[in-house]
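Now for the letters of each chain:
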Amino acid sequence: MALWSGRFSGKMDPAAWYFNASIGIDQRMALEDVLGSLAWASQLAAIGVISQNEFKQMEMGLTTIQSEFENDLFDIQPGDEDIHSAVERRLYELIGETAGKLHTGRSRNDQVATDFRLWVLNHIPAICNVITQMQQSLLKRAEADFGLVFPAYTHLQRAQPVLVSHWWLSTFWALERDQQRWQAVYKNTSFLPLGSAAVAGSGFAVDRFSLAEQLGFESISQNSIDAVSDRDFAAEFLFAASMTAVHLSKLAEGVILFSTREFDYLALDDAFATGSSLMPQKKNPDVFELARGKTGSMIGLLTGLLTTLKGLPSTYDKDLQEDKAPVFAAYDYLTVVIPVLAGALDSVTLKPENMEKAIDSTMFATDLADALVREGIPFREAHGLVAKAVRTALADGIGLDQLSREKLVELGIPAKLMDKDLFSAEVSINHKNLPGGTGIQAVRKQMDQAAWCINQNKKFFGGKNE
Ligand code: ARG
């Protein structure tokens, strides 16, 4: 029987009932619903709205329900509209009429907002945990592949030589921003809506600060109208999830590209590749492709929720029931895909010979221009001189490093510069030892900094994410 059936004389159309019900989705918040009710009951008792004895009964019933959920013994009934109704129905079965006092001064509007926030707070640590796992894999790769060099690309054109470790770490820092973003979402979620009731605030002056403390919220919401309709935390959750997915997608795209015969910088392990049902020679990077592909669906979840929110008048509207499925889906996606990607990354084999071969002499053109600058030539002029040298070399079908001394003099480039071992990736890289650059020392420092961040992040949730 619905919690609100007293108002109605007729029965609800079965299809409409099914359409309206959300138990299939929100049963994932069972634990949070029970904890929220326990806290609410204790605050009702604290201000004398229910007796201590009634509270004890409720506590006994609710803890029984909690253990039923934990042990998969809770029976969802066909008449359970949502998780809140299911818990209240079961409480009646366990303790009888006293159960009818639990919902005093409370509405499902503030209840669902509270449950959902609690669920988000309880689950963000697990997401941060898998992101840390991925960061550790990237750092491990950076350490294992330290010293290897390959081309960095801009516009997907070979640009300058960099340490492969520097490339792995580029995703590390993107994920580090995600860690910070998730921590911010966590903080922004930590405001308790309970006590807002349906829209105007509860008719019973429970101590909302105690309630917040009891449930682990940092603070309380300031306006009951806003509190029952505020789903910013869910949208922020989906944005953080989308941004994380976009970062993984970019990495995946890099790995896919570099595993092609055209680049051939790395090979995927059999454990993380698939074959073709038709073409016997194929080894496909499905795991990485799926990581890239599912990112589109993830962004869809974010835009879906924002679209739901944008037309609502403030306060609770049933449209808001659409808020949970995308958040649960995003959580499920991230916690599954990230460990798979981390494992796949660990097993990738690099092909250093091919990487080295891909560094051709034109990729040192900027280094040559820098060398001219060190000789006192203004950069714009140096750029022009080297560009001319590149054109000449390309026209002659030779490398930039093969231009004759006479040619160089003719071009206005001091030939002595060419003796300075300019065309070496090692030299080029070691000119970039400023913080954030690809120089050996700079990247070592970067790796120390990365390890420090991993440790810091572990402290944020007070051990919940270890
Ligand atoms: N199942 C609902 C939801 O998820 C719970 C809140 C229902 N409130 C109401 N006034 N009908 O949003």
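Residues numbered from 1 in each chain as written. Predicted model: local features only at pLDDT ≥ 70, side-chain atom pairs only at ≥ 80, totals over all residues. Heavy atoms only, no water.

Engineer: What should I look at first to understand the overall build of the chain in this one?
Structural biologist: On a plain count of helices and strands, the chain comes out with 18 helices and six strands. Over its C-alpha atoms the chain spans a radius of gyration of 30 Å, topping by over 25% the 23 Å that the globule rule assigns to 466 residues. Referenced to the eigenvectors of the C-alpha coordinate spread, the extents of the chain come out at roughly 100 × 55 × 40 Å. Pairs at least 24 residues apart make up 76% of the contacts formed inside the chain by residues separated by at least 6 positions. With an accessible surface of roughly 22100 Å², the chain has 54% of that area assigned to carbon and sulfur atoms. (Helix = DSSP H or I, 4+ residues; strand = E, 2+ residues; numbered from the N terminus. Rg over C-alpha atoms; globule rule 2.2 N^0.38 Å. Contact = heavy atoms within 4.5 Å. Areas by Shrake-Rupley, 256 points an atom, 1.4 Å probe, with all protein chains shown as cover.)

Engineer: In this structure, what is going on with the packing of helix α3 (residues 30-46) against helix α6 (residues 108-144)? I would like to understand it.
Structural biologist: In a pair of packed helices, the angle between the axes and the distance between the axes together describe the arrangement. Closest axis-to-axis distance for the α3/α6 pair is 9 Å, and the angle between their directions is 120°. Between α3 and α6, the angle falls in the class oblique. Note on packing geometry: the crossing formed by α3 with α6 is right-handed. Residues Glu32, Asp33 and Ser37 of α3 pack against Gln111, Asp115, Leu118, Trp119, Asn122 and His123 of α6. Residues of the contact of α3 with α6, tallied by class, amount to two nonpolar, four polar and three charged. (Axes fitted to C-alpha atoms, helices over the stretch in contact; angles between N-to-C directions. Parallel < 35°, antiparallel > 145°, perpendicular 65-115°, else oblique. Left-handed = near helix turned anticlockwise from the far one by under 90°. Nonpolar A, V, L, I, M, F, W, Y, C, P; charged D, E, K, R; others polar.)

Engineer: Sorry if this is basic, but what is going on with the side chain of Asp145 here?
Structural biologist: Topologically, Asp145 is positioned in the loop between α6 and β1 (149-154). Of the residues examined, Asp145 reaches a relative accessible area of 6% and is grouped as buried. Not counting residues up to four positions away in its chain, the partners in contact with Asp145 are Val164, Ser165, Trp168 and Leu350. (Buried < 20%, exposed > 50% of the residue type's maximum accessible area, 1.4 Å probe, protein only.)

Engineer: What am I meant to see in the site of the ligand here?
Structural biologist: As a matter of local geometry, the ligand sits amid Ser22, Asp26, Asp82, His84, Arg108, Asn109, Val112, Tyr316, Gln321 and Lys324. Residue Asn109 places a side-chain N or O atom 3.0 Å away from a nitrogen atom belonging to the ligand. Contact distances for the ligand include 2.7 Å between a nitrogen atom and a side-chain N or O atom of Gln321. Notes on the ligand: free accessible area 350 Å², of which the protein chains cover 86%. Ranked by residue count, the leading element in the shell around the ligand is α6, at three residues. Looking at the shell around the ligand residue by residue, the classes come out as two nonpolar, four polar and four charged. (Near = heavy atom within 4 Å. Polar contact = N/O pair within 3.5 Å; in protein donor to acceptor, adjacent residues only side chain to side chain.)

Engineer: Help me out: how do you make sense of the pairing of strand β2 (residues 157-163) in this one?
Structural biologist: Side-chain direction in a regular strand flips from residue to residue, so the side chains alternate between the two faces of the sheet. One ladder, built from six bridges, connects β1 with β2; its direction is antiparallel. From the neighbouring strand, Pro151 faces β2, where its bridge partner is Pro161. Taking the residues between adjacent antiparallel strands as the criterion, β1 and β2 are bridged by two residues, where His155 takes a positive phi near 55°. (Pairing = 2+ DSSP bridges.)

Engineer: Even after reading the chapter, I still don't get the side chain of Ser190, so can you show me in this structure?
Structural biologist: Relative to the assigned elements, Ser190 resides in the loop between α7 (164-189) and β3 (191-192). Of note is the side chain of Ser190, whose polar atom sits 2.8 Å from the backbone nitrogen of Glu218. With residues near it in sequence (within four places) discarded, Ser190 still touches Leu121, Gly216, Phe217, Glu218 and Ser219.

Engineer: Even after reading the chapter, I still don't get the environment of Ile76, so can you show me in this structure?
Structural biologist: Tracing the sequence through the fold places Ile76 in the loop between α4 (52-70) and α5 (83-95). Given the relative accessible area of 32%, Ile76 is considered partly exposed. For the pair Ile76 and Leu309, spaced 233 residues apart in sequence, the C-alpha separation works out to 30 Å.

Engineer: Can you walk me through the pattern of salt bridges in this structure?
Structural biologist: Pairing of side chains with opposite charge becomes possible as their charged atoms draw close. Under the counting rule described, the total for this entry stands at 20 salt bridges. Here Arg181 makes a salt bridge to Asp178, at a shortest N to O gap of 3.2 Å. One end of the pair is Arg181 and the other is Asp178, both in helix α7 and three residues apart, which spans about a single turn. Accessibility expressed as a relative area gives 0% for Asp178, which makes it buried. (Salt bridge = Lys/Arg side-chain N within 4 Å of Asp/Glu carboxyl O.)

Engineer: What is the right way to read the packing of aromatic side chains from this model?
Structural biologist: Pairs of aromatic rings are described using the distance from one ring centre to the other and the angle between the two planes. Under the counting rule described, the total for this entry stands at 21 aromatic pairs. The interplanar angle of 75° and the centroid separation of 4.9 Å between the aromatic rings of Tyr186 and Phe461 together place this pair among those described as edge-to-face. Linking Tyr186 in helix α7 with Phe461 in the segment after α18 (440-460), this pair joins segments that are 275 residues apart in sequence. When its relative accessible area of 16% is taken as the criterion, Tyr186 is described as buried. (Phe/Tyr/Trp six-rings, centres within 6.5 Å; stacked < 30°, edge-to-face > 60°.)

Engineer: Could you clarify how one ought to interpret the environment of Pro435 in this entry?
Structural biologist: Tracing the backbone through its elements, the reader meets Pro435 in the loop between α17 (425-430) and α18. When its relative accessible area of 81% is taken as the criterion, Pro435 is described as exposed. When the C-alpha atoms of Pro435 and Gln446 are compared, they prove to be 7.9 Å apart, with eleven residues separating the residues in sequence.

Engineer: It is not clear to me how unusual backbone geometry should be interpreted in this structure. Could you clarify?
Structural biologist: Across residues other than glycine, the phi torsion is negative in most instances, and most of the peptide bonds are trans. Backbone geometry places His155, a non-glycine residue, at a positive phi of 55°. Looking at the element boundaries, His155 is found in the loop between β1 and β2. Residue classification places His155 among the exposed positions, given a relative accessible area of 75%. Positive phi values are uncommon outside glycine, yet Leu156 reaches one of about 60°. Its relative accessible area of 54% is what places Leu156 among the exposed residues.

Engineer: Would you mind showing me how to read α3 here?
Structural biologist: Since the α-helix turns once every 3.6 residues, residues separated by three or four places project in the same direction. An ideal rise of 1.5 Å per residue puts 24 Å on 17 residues; α3 measures up with 24 Å between its terminal C-alpha atoms. Within α3, 14 of the 17 residues are buried, which leaves the element mostly enclosed by the surrounding structure. Gly48 occupies a position one or two residues after α3 and carries a positive phi of about 80°. (Expected span 1.5 Å × (residues − 1).)

Engineer: Help me out: how do you make sense of the nonpolar core in this one?
Structural biologist: Looking at soluble globular proteins, one finds that nonpolar side chains tend to be buried together. Judged by nonpolar contacts, the single largest core of 132 residues is most densely connected at Ile124, Met134, Trp182, Phe237 and Phe288. With 15 residues, the single largest contributor to this core is α6. If near-sequence neighbours (up to four positions away) are discounted, Phe237 is found in contact with Val120, Ile124, Ile127, Trp182, Val185, Val327, Ala330 and Tyr331. (Core = buried A, V, L, I, M, F, W, Y, C linked by side-chain atoms within 4.5 Å.)

Engineer: What am I meant to see in the packing of helix α10 (residues 232-258) against helix α11 (residues 286-310) here?
Structural biologist: Put simply, α10 and α11 touch, their axes get as near as 8 Å, and they point 160° apart. Here α10 lies roughly antiparallel to α11, going by the angle between them. In this structure, α10 crosses over α11, and the sense of that crossing is left-handed. Considered class by class, the residues forming the contact of α10 with α11 number 18 nonpolar, three polar and three charged.

Everything listed here is a matter of geometry and, on its own, says nothing about what the molecule does.
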